[in-house]
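Listed below, chain by chain, are the residues.
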Amino acid sequence: GAGVSQSPSNKVTEKGKDVELRCDPISGHTALYWYRQSLGQGLEFLIYFQGNSAPDKSGLPSDRFSAERTGGSVSTLTIQRTQQEDSAVYLCASSLEGVSRQPQHFGDGTRLSIL
Amino acid sequence: GENVGLHLPTLSVQEGDNSIINCAYSNSASDYFIWYKQESGKGPQFIIDIRSNMDKRQGQRVTVLLNKTVKHLSLQIAATQPGDSAVYFCAPTGGSNYKLTFGKGTLLTVNP
């Protein structure tokens, strides 16, 4: 079946520009997560959506980062006024339910490079 | 936060051999453990999981062993193939914690 789909797969942009990353979770998965992965930094949690509940935004590194999930399905992560330290792989994951004992399934990520 | 460490950052094996990848964790509240495989340029791929009420779980060519006493788990891959070459991560979670944490990972290289 279809897995988590992310687009674009690669994004190169100039410092100061805004970027929008998209995630299409596995059909039927109510929980959606955004992470950031960079060399030497491991996996960094950004934000979590579960159904109609208020999202957990505790991992967003600054107010330049925001995310939304429309209709309980597709999510977009927006980074405004990008900085070079934003360069990383942005991973989206989804799981069947928003509880800790369900595996999260990842997309292949968006590789973001800020020039 | 979770302190997740791996004993061997790199592991090189011959095709056909069995591989063992180890993972130590520090949070005794962890009760659900996931192993992921990540190939270059791709996202982490779910391999197998295990809950803390189990000591062993088997999948296709993979076995995960959990020792809660010493907070250690391992991933065993039988008859390792070149396609198994990747970085492997363990991700302990537990309770209401849905935020996955990976350690540095173990790079497995399979030599033909």
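Residues numbered from 1 in each chain as written. Chains lettered and ligands numbered in written order. Predicted model: local features only at pLDDT ≥ 70, side-chain atom pairs only at ≥ 80, totals over all residues. Heavy atoms only, no water.

Things to note about the overall build of chain B
- Summing up its helical and strand segments, chain B has 0 helices and 10 strands in all.
- Of the regular secondary structure in chain B, the N- to C-terminal order runs β-β-β-β-β-β-β-β-β-β.
- Rg of the C-alpha trace for chain B: 13 Å, near the compact-globule value of 13 Å for 112 residues, within the 12% margin.
- Summarising its shape, the C-alpha atoms of chain B cover approximately 40 × 30 × 20 Å along the three principal directions.
- Split into buried and exposed, the 112 residues of chain B put 46% on the buried side.
- Long-range contacts, defined as pairs at least 24 residues apart, comprise 54% of the intrachain contacts of chain B with a sequence gap of at least 6.
- Total accessible area on chain B stands at roughly 5500 Å², and carbon and sulfur atoms take up 47% of it.
- The average position of the 10 basic charges and that of the 8 acidic charges among the side chains of chain B differ by 5 Å. (Helix = DSSP H or I, 4+ residues; strand = E, 2+ residues; numbered from the N terminus. Rg over C-alpha atoms; globule rule 2.2 N^0.38 Å. Buried < 20%, exposed > 50% of the residue type's maximum accessible area, 1.4 Å probe, protein only. Contact = heavy atoms within 4.5 Å. Areas by Shrake-Rupley, 256 points an atom, 1.4 Å probe, with all protein chains shown as cover. Lys, Arg positive; Asp, Glu negative; His and termini not counted. Charge placed at Lys NZ, Arg CZ, Asp CG, Glu CD.)

Comments concerning the interface of chain A and chain B
- Every contact between the two is made by 19 residues of chain A and, on the other side, 21 residues of chain B.
- Roughly 1700 Å² of surface becomes buried between chain A and chain B when both sides are summed, with 53% attributable to carbon and sulfur atoms.
- Our enumeration of links across chain A and chain B arrives at 2 salt bridges.
- Lys99 of chain B is paired through a salt bridge with Asp56 of chain A; the nearest N and O atoms lie 3.7 Å apart.
- Where chain A packs against chain B, one counts 11 residue pairs in polar contact (both at pLDDT 80 or more). (Buried area = accessible area lost by both parts, 1.4 Å probe. Salt bridge = Lys/Arg side-chain N within 4 Å of Asp/Glu carboxyl O. Polar contact = N/O pair within 3.5 Å; in protein donor to acceptor, adjacent residues only side chain to side chain.)

Quick notes on the state of the cysteines
All names here are of chain A.
- Taken as a whole, this structure holds 2 disulfides over all chains when the rule is applied.
- The disulfide partner of Cys23 is Cys92, and the S-S distance across this bridge is 1.9 Å. Because the sign of the S-S torsion sets the handedness, a value of about -65° for the bond joining Cys23 and Cys92 places this disulfide among the left-handed ones. You can see Cys23 sitting in strand β3 (residues 19-24) and its partner Cys92 sitting in strand β8 (residues 88-95), a full 69 residues away along the chain. Each member of the pair Cys23 and Cys92 is classed as buried. (Disulfide = S-S within 2.5 Å.)

Regarding the pairing of strand β7 (residues 62-67) of chain B
Residues and elements named next belong to chain B.
- Sheet topology note: the strand β6 (residues 56-58)/β7 ladder contains 3 bridges and is antiparallel. The residue of β7 that forms the bridge with Arg57 is Val64.
- Linking β6 back to β7 in an antiparallel pair, the connection comprises 3 residues, with Arg61 at a positive phi of about 65°.
- In the sheet, β7 pairs with strand β8 (residues 72-77) via 6 bridges, with the strands oriented antiparallel. Looking across to β8, one finds that Val64 is bridged to Leu75.
- Hairpin connection between β7 and β8: a loop of 4 residues separates the two successive antiparallel strands, and Lys71 in this loop has a positive phi of roughly 55°. (Pairing = 2+ DSSP bridges.)

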